[in-house]
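Breakdown of the fold
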Amino acid sequence: MKSYGLRLGLLSVTAVIASASAQAGTLTRSFVSSAGVDSNGCTIAAPCATFAAAYNAVAADGIIAALDPGKYGPLIITMPVTVNGNGWAAITGTANGNGITVNISGGTGNVILTGLEVDGAGAAYNGIVFESGASLTISDCIVKDFVAASSPTGNTGNGIWIGPTAGTVVFTIVNTVALNNAYYGISYWPQSGNATVTGTIDHVFAAHNTTGGSSSIQL
Amino acid sequence: LTGGSSAIVSVSNSVVSNSTTGNGIYSNGVGGTVTTTIDNDQISNNAYGVNVNTATVLLSRSVITQNSQYGINNSGGTVDTFQDNRSLANGHSNAVGGSGLTTTPVD
């Protein structure tokens, strides 16, 4: 019962963030900058301030890029897209929430996340959560400092949580660091359904995870 | 896992370390099917280095050291080793825990 309540809480947080990022835009590329403003058009000349705004401005299969070092906020992804932090974009997950959630209805579409620092700041539950989609590629990212709820069941405290409940899914995690996460550094753990997953983890550094006694990499 | 879920995952060229109260790599097929290929990894300073629970693991070219419990622990799964790993200075006098290993000739 406690786990069910926790999942409802996570879904509520997800819904609040998703309400700000539910529409697909028209740009093939959109941009964020530390000097950006979300009322801008998210173009390279007039960048936005958050990934959520830049996501709203980009079309399916588009690219969101960070123009300079900055903190660009959490993101819910519901369409295929590439988010390129260029190695200097940070996302701090909201307390008891996630940094990035990928949930594309129908289990289609490819998502690429590259060059991002996703930080839990000792308050957020998960760094990158993959719920639905055809594929997820994570490269050159850092996921760190995510905490687990009390009596964790694997759905909190994860740097990267691959948890699809249906379909055929491919994930790739390369050149990535998972550090200081409370439950799993990287986890494949669907908690319901019957997904079929093929995954590649290569050139990953996973360390100092499992303060709660679980695993750095769980498959 | 849940009924019918399956995963085929490779972990290569990676470092998994300092999870001192847990597992370095945990391959858990309970409730589904999991096959994990572990190749050319360094797995050190965890409680369990490679912990297998009702899953299949293919293990090659990896260094498994200084894990305080078992370097390799196999609970009801299959661990195929290509006999080219370096496992040393793990707990329980470096023994393999549980069901042991299946050796696979190197091609």
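Nothing here was measured: the structure is a model prediction, and the numbers come from that model. (Residues numbered from 1 in each chain as written. Chains lettered and ligands numbered in written order. Predicted model: local features only at pLDDT ≥ 70, side-chain atom pairs only at ≥ 80, totals over all residues. Heavy atoms only, no water.)

Another aspect to go through is the overall build of chain A. Across its full length, chain A carries two helices and 15 strands. For chain A, with 219 residues in total, the buried portion stands at 55%. Relative to all contacts within chain A whose residues are 6 or more apart in sequence, the contacts with residues 24 or more apart total 69%. As presented, chain A carries roughly 8000 Å² of accessible surface, and 58% of it is formed by carbon and sulfur atoms. (Helix = DSSP H or I, 4+ residues; strand = E, 2+ residues; numbered from the N terminus. Buried < 20%, exposed > 50% of the residue type's maximum accessible area, 1.4 Å probe, protein only. Contact = heavy atoms within 4.5 Å. Areas by Shrake-Rupley, 256 points an atom, 1.4 Å probe, with all protein chains shown as cover.)

In this section: the interface of chain A and chain B. Listed per partner, the contact involves 32 residues of chain A and 30 residues of chain B. Of the roughly 2200 Å² buried between chain A and chain B on both sides combined, carbon and sulfur atoms contribute 44%. Summed over the shared surface of chain A and chain B, the number is zero salt bridges. Remark: the boundary between chain A and chain B carries 28 residue pairs in polar contact (both at pLDDT 80 or more). (Buried area = accessible area lost by both parts, 1.4 Å probe. Salt bridge = Lys/Arg side-chain N within 4 Å of Asp/Glu carboxyl O. Polar contact = N/O pair within 3.5 Å; in protein donor to acceptor, adjacent residues only side chain to side chain.)

Below, the discussion takes up the state of the cysteines. Residue and element names in this part refer to chain A. One pass over the structure, following the stated rule, counts one disulfide over all chains. Paired by a disulfide, Cys-42 and Cys-48 hold their sulfur atoms 1.8 Å apart. Here the S-S torsion is close to -85°, and the disulfide linking Cys-42 with Cys-48 is therefore left-handed. What makes Cys-48 buried here is its relative accessible area of 0%. (Disulfide = S-S within 2.5 Å.)

Our next topic: the confidence of the model for chain A. For chain A, per-residue confidence averages 89 on the pLDDT scale, and residues scoring 70 or more make up 88% of the total. Here residues 1-22 of chain A scores under 50 on pLDDT; set against residues more than four positions off or in separate chains, the count is 32 contacts. (pLDDT = per-residue confidence, 0-100.)

Residues and elements named next belong to chain A. Looking at the secondary structure, you find Asn-86 in strand β5 (residues 81-92). Along the chain, Asn-86 and Thr-210 lie 124 residues apart, while their C-alpha atoms are 29 Å from each other. Dropping the residues within four chain positions of it, Asn-86 is found in contact with Ala-65, Ala-66, Thr-114 and Gly-115.

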